[in-house]
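# Structural characterization, general
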Amino acid sequence: MTGRAALRLSRLRRVTPEGRGGRPVEARGGKPRRRGAQPKVVALGGGMGLSASLAALRRITGDLTAVVTVADDGGSSGRLRDELGVLPPGDLRKALAALCGDDDWGQTWARVIQHRFQSQGDLHEHAVGNLLIVALWEQLGDHVQALDLVGKLLGAHGRVLPMSAVPLELQALVKGHDLDRPDDVETVRGQATVALTPGEVQSVHVVPHDPPAVPEAVEAVLDADWVVLGPGSWFSSVIPHLLVPELLDALIKTKARRVLSLNLAPQPGETEGFSPQRHLEVLGRHAPKLALDVVLADEAAVPDRDSLTDAAQRFGAAVELAPVARTDGSPRHDPELLAAAYDRIFRMHGRIGPWR
């Protein structure tokens, strides 16, 4: 951790009481985890938001699992999904790249699997990692085994799992999707379309409506010490995890503490004009029984702290404000600063440190 990250870590401030009574984190079976053990962390999401969280979390634990949405229908992933009937591999690939180490091996493989071909033919814009993942799926006939093998090849610092065993179609009720009819509410289909709608997304659901969860993903959530949800595209990457019944049930029942990591800025189209507290409100509408322990937000992205505190308390959660954004002004998380914030949260709310 750099001196800059360590300095900013000291600025992290807790602004509400601890969620759920300040209980200590326990291992499965109710036994306190031994002092000095690494936390078992599960991170849920998709796209660049999940990648940012994984790049931070791999710096503070060696027991890390990513559970990734499988509703993408655009770009290379959408083409492979349509042509071969497979799970969309793109978000899985991004998660694997984020888990690559900072050494030459890890960074070389991260670049390779993210590489996109540029041509005038059918390979144009296909990502190498997408083709590799799909090839192993066809060879092995097992989603989890294939992803584990890719992770082993890359030297990934963690495991990547799809949230469901079948490709999902994301559908949304959107007000004003058609700019000529701003008051009409209509169903918009497809993750790529939902993410870019000019209208107001009111709710989302997936097809099939009762998709099977990957058993290993459910097991990971139930066995975790910490579960991290977000950041990421709210309606198309974060909330879909709550629409897989078995996964939502695991999130509700797990003994793990739950952290919700908020975005640095509203996303054009999908959450245009959203305040931090509104992100929590729509999350609660989709999963009213879900409890949280901590809501993490960047200091500069919260203009109304009292309103965010009130929204978090409805989930039973404390709010943690920390500088987690890059200093270049872009709405992107700095992996070292985000790692410092997660590390502090795990220590402070878990009461069982040090992890390392």
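The preceding data block contains the structure.
In this text, all values refer to a predicted model and were calculated from it rather than measured experimentally.

### Let's talk about the packing of aromatic side chains
Following the criterion strictly, the structure yields four aromatic pairs and no others. Taking the centre distance of 6.2 Å and the plane angle of 55 degrees together, the rings of Trp105 and Trp109 count as tilted. Here Trp105 pairs with Trp109, and both are found in helix α5 (residues 104–114), just four residues apart, close to one helical turn. Site record: aromatic cluster; members linked through ring pairs are Trp226, Tyr342 and Phe346.

### Considerations on the sheet that holds strand β6 (residues 185–189)
The strands making up a sheet associate through hydrogen bonds between their backbones, and the pairing can be parallel or antiparallel. The strand order β6-β5-β7 describes an open sheet built from three strands, whose pairing is antiparallel. Every interior strand has two partners, whereas the edge strands, β6 and β7 (200–207), have only one. Neighbour-to-neighbour, the strand axes of the sheet open up by a mean angle of 25 degrees, direction not taken into account. Two strands pair when backbone bridges link them, and strand β5 (residues 169–175) and β6 are joined in this way by five bridges, in the antiparallel orientation. The residue of β6 that forms the bridge with Lys175 is Val185.

### Here we look at unusual backbone geometry
Peptide bonds are, in most cases, trans, and in most cases residues other than glycine have a negative phi. Here the amide bond leading from Val207 into Pro208 is cis, since omega sits at 0 degrees, within 30 degrees of zero. With respect to the secondary-structure elements, Pro208 resides in the loop between β7 and α9 (215–223). Cis peptide bonds are those with omega within 30 degrees of zero, and the linkage from Gly230 to Pro231 qualifies with 0 degrees. Mapped onto the fold, Pro231 is located in the loop between β8 (226–229) and α10 (234–238).

### Looking at α5
Think of an α-helix as 3.6 residues a turn; residues three or four steps apart then line up on the same face. When α5 is considered as a whole, its buried residues turn out to be Gly106, Ala110 and Ile113. Here the buried residues of α5 occupy an arc of 75 degrees about the axis, which is enough to place them on one side. Exposed residues on α5 whose side chains face more than 90 degrees from its buried face are Asp104 and Arg111. In this structure, the buried residues of α5 make contact with α4 (90–98), α6 (128–140) and α7 (143–154).

What counts as what
Residues numbered from 1 in each chain as written. Predicted model: local features only at pLDDT ≥ 70, side-chain atom pairs only at ≥ 80, totals over all residues. Heavy atoms only, no water. Phe/Tyr/Trp six-rings, centres within 6.5 Å; stacked < 30°, edge-to-face > 60°. Helix = DSSP H or I, 4+ residues; strand = E, 2+ residues; numbered from the N terminus. Pairing = 2+ DSSP bridges. Axes fitted to C-alpha atoms, helices over the stretch in contact; angles between N-to-C directions. Buried < 20%, exposed > 50% of the residue type's maximum accessible area, 1.4 Å probe, protein only. Arc of directions from axis to C-beta. Contact = heavy atoms within 4.5 Å.

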